[in-house]
Amino acid sequence: MFKITVTPRFGDIDGLRHVNNTVLAVWFEKGRNPIFRMFTPDLDLSYEKWKLILVRTEFDFLAQMYYGSDVEIRSYITHIGNSSFTIGHEAWQDGELKAPEQGRPCPL
């Protein structure tokens, strides 16, 4: 499992001090970087070097996340197939799971 800590920025927040729903996808993207580095260590996005494609992402909000408290993003591989693998993500704030995500296969 890989973990990163994200500090919500003022611009990540809506008028009620909640983390905006569009921000979580960006945080999960950042959480995938250590896994993607296994295939392309320098994260070079050139066509010749990049080996992975994200096919689908889907997540649910279990509870609200707020400004003023860090969020831990946990990323891990949930399934390895013959030509793809699946990445899972979780967003935790103040010791509580706020949003799980189950990605769809990334081609190898």
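Residues numbered from 1 in each chain as written. Predicted model: local features only at pLDDT ≥ 70, side-chain atom pairs only at ≥ 80, totals over all residues. Heavy atoms only, no water.

Reading the Sequence similarities (unreviewed entry) entry of the UniProt record for the protein chain gives the comment "Belongs to the 4-hydroxybenzoyl-CoA thioesterase family." (UniProt positions renumbered as here; feature names shortened; annotations may be inferred.)

Within the protein chain, the regular secondary structure consists of 1 helix and 5 strands. In the protein chain, the succession of α and β elements from N to C terminus is β-α-β-β-β-β. For 108 residues, the compact-globule estimate of 2.2 N^0.38 gives 13 Å, and the protein chain sits close to it at 15 Å. Referenced to the eigenvectors of the C-alpha coordinate spread, the extents of the protein chain come out at roughly 45 × 25 × 20 Å. Looking at the protein chain as a whole, 35% of its 108 residues are labelled buried. Nonlocal contacts in the protein chain, meaning residues at least 24 apart in sequence, comprise 58% of its contacts between residues at least 6 apart. Carbon together with sulfur atoms contributes 54% to the accessible area of the protein chain, which is approximately 6700 Å² in total. The average position of the 12 basic charges and that of the 14 acidic charges among the side chains of the protein chain differ by 3 Å. (Helix = DSSP H or I, 4+ residues; strand = E, 2+ residues; numbered from the N terminus. Rg over C-alpha atoms; globule rule 2.2 N^0.38 Å. Buried < 20%, exposed > 50% of the residue type's maximum accessible area, 1.4 Å probe, protein only. Contact = heavy atoms within 4.5 Å. Areas by Shrake-Rupley, 256 points an atom, 1.4 Å probe, with all protein chains shown as cover. Lys, Arg positive; Asp, Glu negative; His and termini not counted. Charge placed at Lys NZ, Arg CZ, Asp CG, Glu CD.)

Attention now moves to the packing of aromatic side chains. Working definition: an aromatic ring pair is given by the centre-to-centre distance plus the angle between the planes. All chains considered together, the criterion is met by 5 aromatic pairs. With 5.3 Å between their ring centres and 10° between their planes, Phe39 and Phe85 make a pair best called stacked. Placement of Phe39 in the loop between α1 (23–36) and β2 (71–80) and of Phe85 in strand β3 (residues 84–93) is noted, with a sequence separation of 46 residues between them. An aromatic cluster is defined as three or more aromatic residues linked by ring pairs; in this entry it consists of Phe28, Phe59 and Phe61. Above the face of the Trp92 ring, Arg74 is positioned so that its terminal group lies 4.2 Å from the ring centre. (Phe/Tyr/Trp six-rings, centres within 6.5 Å; stacked < 30°, edge-to-face > 60°. Lys NZ or Arg CZ within 6 Å of the ring centre and 35° of its normal.)

This part is about unusual backbone geometry. Working note: non-glycine residues mostly have negative phi, and peptide bonds are mostly trans. A positive phi is found at Arg17, a non-glycine position, where the angle reads about 70°. Of note, Arg17 is situated in the loop between β1 (2–6) and α1.

Across the 10 residues of β3, 9 count as buried, placing the element largely inside the fold. Both β2 and β3 contribute to a ladder of 9 bridges, which runs antiparallel. Across the sheet, the residue bridging to His79 is Thr86, located in β3. Where β2 folds back on β3, the antiparallel hairpin that results is connected by 3 residues. (Pairing = 2+ DSSP bridges.)

As a further point, take the pattern of salt bridges. Across all of its chains, the model carries 5 salt bridges by this definition. The residue Arg74 makes a salt bridge to Glu72 at a minimum N-O spacing of 2.5 Å. With a closest N to O distance of 3.5 Å, Lys98 and Glu96 form a salt bridge. On the basis of relative accessibility, which here comes to 7%, the residue Lys98 falls in the buried class. (Salt bridge = Lys/Arg side-chain N within 4 Å of Asp/Glu carboxyl O.)

Mapped onto the elements, Ser69 comes out in the loop between α1 and β2. For Ser69, a relative accessible area of 17% translates into the label buried. Here the alpha-carbon distance between Ser69 and His89, two residues 20 residues apart in the chain, equals 19 Å. Setting aside anything within four residues of it in sequence, one finds Ser69 in contact with Pro8, Gln93 and Asp94.

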